[in-house]
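# Architecture at a glance
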Amino acid sequence: LQVEGHVSGTVAEPLLVGTGRLRDAGFQIRELPVNFSAMNGDLAFSQNRVFFDHLPALVNGGRAELSGEAELVRFVPTKVRASARLDEVNLRVPAQLSATVSGQLAVTGSWDSMLLSGRLDVLRAQYTERVDLEKSLLEFRRRTAAPRSFDRKGEWLRFDVALVLGGDIRIENDHYKTAEGNHSE
């Protein structure tokens, strides 16, 4: 990150005005297998915000273009409003489902409470997890719902994403094997 700017304000509330440039930058989203890399582009700093527009990147090896802004508190991003246009991005969410998607996503909120929304076209997906029906039925019969308290720790990210299935969607495990274009076997 290269920054050319002017710092003013106070120690408690510093302000940064200027420009920046990312070169081959990247990051990974906590608790999710999503890796951003090869980010190259310009940033603009205006008081307590950083703006980015048409920022190319790779997301899990697929192409993406990012736009948005982040609010800064003492030069640390605290709130985000951003969008991403994705093109053939590989995902494994959940881990046993391999998929390639394209589409548009938006993220808004703080690092403790964030909303991911948008629309993804599923170009390819494959589910290969082994299914043990007998074991599942036995566990279901034995299982009693034990009371547990609500823990918000794992609730930092909420989803409102439309998924459009239309490409090569397959299930291949010990009970099912679908053929391309025929999903009812």
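The structure this text deals with has already been given above.
Here is a short report on the structure shown in this document. The structure displayed is predicted, hence computed values, not measured ones.

### Thoughts on the sheet that holds strand 6 (residues 76-91)
The nine strands are arranged 1-2-3-4-5-6-7-8-9 in an open sheet whose pairing can be described as mixed. At either margin of the open sheet sits one strand with a lone partner, and together these are strand 1 (2-9) and strand 9 (157-171). Along the sheet, successive strands turn relative to each other by an average axial angle of 15°, direction set aside. Pairing geometry for strand 4 (residues 49-59) and strand 5 (residues 62-73), over nine bridges, is antiparallel.

### Here's the deal with the packing of aromatic side chains
Here the structure, examined in full by the defined rule, presents one aromatic pair. Consider the rings of Phe27 and Phe36, whose centres lie 4.5 Å apart with planes at 10°: the pair is stacked. The class of Phe27 is partly exposed, set by a relative accessible area of 39%. Overall, the relative accessible area of 11% leaves Phe36 in the buried class.

### Observations regarding the pairing of strand 7 (residues 97-110)
Note: strand 6 against strand 7, 11 bridges, orientation antiparallel. Residue Lys79 lies in a different strand from strand 7, and its bridge partner there is Ser110. As consecutive antiparallel partners, strand 6 and strand 7 are separated by five residues. Judged from the 14 bridges that link them, strand 7 and strand 8 (residues 113-127) form a sheet pairing that is antiparallel. By the bridge assignment, Leu97 is partnered in strand 8 with Tyr127. Counted between consecutive antiparallel strands, the loop separating strand 7 from strand 8 contains two residues.

Thresholds applied
Residues numbered from 1 in each chain as written. Predicted model: local features only at pLDDT ≥ 70, side-chain atom pairs only at ≥ 80, totals over all residues. Heavy atoms only, no water. Pairing = 2+ DSSP bridges. Helix = DSSP H or I, 4+ residues; strand = E, 2+ residues; numbered from the N terminus. Axes fitted to C-alpha atoms, helices over the stretch in contact; angles between N-to-C directions. Phe/Tyr/Trp six-rings, centres within 6.5 Å; stacked < 30°, edge-to-face > 60°. Buried < 20%, exposed > 50% of the residue type's maximum accessible area, 1.4 Å probe, protein only.

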